[in-house]
Amino acid sequence: MTLEIIKNILDTQMNMPVNRVWAYNADVDLPKDGNLFIVLRMVYRTPFSNNTRMKPTETGFEEHQTMNVAEDIIISLLSKTTEARDRAYEVQMALGSTYSIQQQELNKLHISRIGEVYDASFLEATSRLNRFDVRCRVLRSYDIINNIDYYDTFSGSLWVNQ
């Protein structure tokens with residue numbers, strides 16, 4: 001979901017053509033032209049908080065689990081022209097835009113650090129692509145709510161009467 005939110009921000013703020021921004025390992029063919037395309041990759045998801053609490057309901061209890069994580073994302077701009085190099089600054093501006101802040105608030109996440117742009121073209125040497133990477137860190141929370149059995153309504157018994 002984080003990558004979809006960043007994709008939406010980049011599509012909107014950079015006026016990217018349709019199907020030019022996608023997540024790494026998506027089932028997408030590389031464009032045949034030399035124009036800019038952007039690949040998003042999550043390289044780390046580091047949890048820094050994990051909580052479980054029970055809340056009573058009318059029929060028993062619910063288990064509320066929350067995990068707060070720091071997700072490190074690499075945004076790779078690629079092109080056969082100089083467009084990847086020339087437009088790399090737009091990623092940093094898009095992530096810091098008012099639209100981005102609104103999307104962060106709407107989706108309950110925070111883009112906390114927008115890193116430097118670095119030339120990673122050497123990784124793509126065989127295909128002669130220009131590649132410029134931007135790293136950013138996203139802080140977000142994931143929630144799961146499960147119904148749990150109460151002491152007198154377990155779905156299976158742990159004790160065997162003898």
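Per-chain numbering applies: the sequence of each chain, read as written, is numbered from 1 onward. Whole-chain, interface and lining totals are the exception, using all residues; otherwise, since this is a predicted model, local features are given only for residues with pLDDT of at least 70 and side-chain atom pairs are given and counted only at 80 or more. The side-chain quantities take in all heavy atoms of the structure and omit both hydrogens and water.

To continue, consider the side chain of serine 76. Elements are defined by DSSP. Helices are runs of H or I of four residues or more, strands are runs of E of two residues or more, and each kind is numbered from the N terminus. Residue placement: serine 76 occurs in strand β3 (residues 61–79). The exposure class of serine 76 is buried, given its relative accessible area of 6%. Polar contacts, as used here, are pairs of N or O atoms within 3.5 Å; protein pairs need one atom able to donate a hydrogen and one able to accept it. Residues neighboring in sequence count only if both atoms are side-chain atoms. Among the polar contacts made by the side chain of serine 76, one reaches the side chain of arginine 131 at a distance of 3.5 Å. For every residue, the accessible area obtained with a 1.4 Å probe (protein chains only) is divided by the maximum for its type, and the residue is called buried under 20%, exposed over 50%, and partly exposed between those limits.

Another point: the packing of aromatic side chains. A pair of aromatic rings is counted whenever rings of Phe, Tyr or Trp (Trp by its six-membered ring) have centres within 6.5 Å, and the orientation is called stacked for planes under 30 degrees apart, edge-to-face for over 60 and tilted otherwise. All chains considered together, the criterion is met by one aromatic pair. Ring geometry for tryptophan 22 versus phenylalanine 37: centroids 5.4 Å apart, planes at 5 degrees, classification stacked. With tryptophan 22 in strand β1 (residues 21–23) and phenylalanine 37 in strand β2 (residues 37–56), this pair connects stretches of sequence that are 15 residues apart. The exposure class of phenylalanine 37 is buried, given its relative accessible area of 4%. When the ring centre of tyrosine 24 is taken as origin, the NZ or CZ atom of arginine 41, which lies over that ring, is 5.8 Å away. Positioned above the aromatic ring of tyrosine 142, the side-chain terminus of arginine 140 is 4.6 Å from the ring centre. Cation placement over rings: the criterion is NZ of Lys or CZ of Arg within 6 Å of the ring centroid and within 35° of the ring normal.

All right, on to unusual backbone geometry then. With a phi close to 50 degrees, asparagine 15 is a non-glycine residue in the positive phi region. Residue position: asparagine 15 is located in the loop between α1 (2–13) and β1. Despite not being glycine, asparagine 25 has its phi angle at roughly 70 degrees, a positive value.

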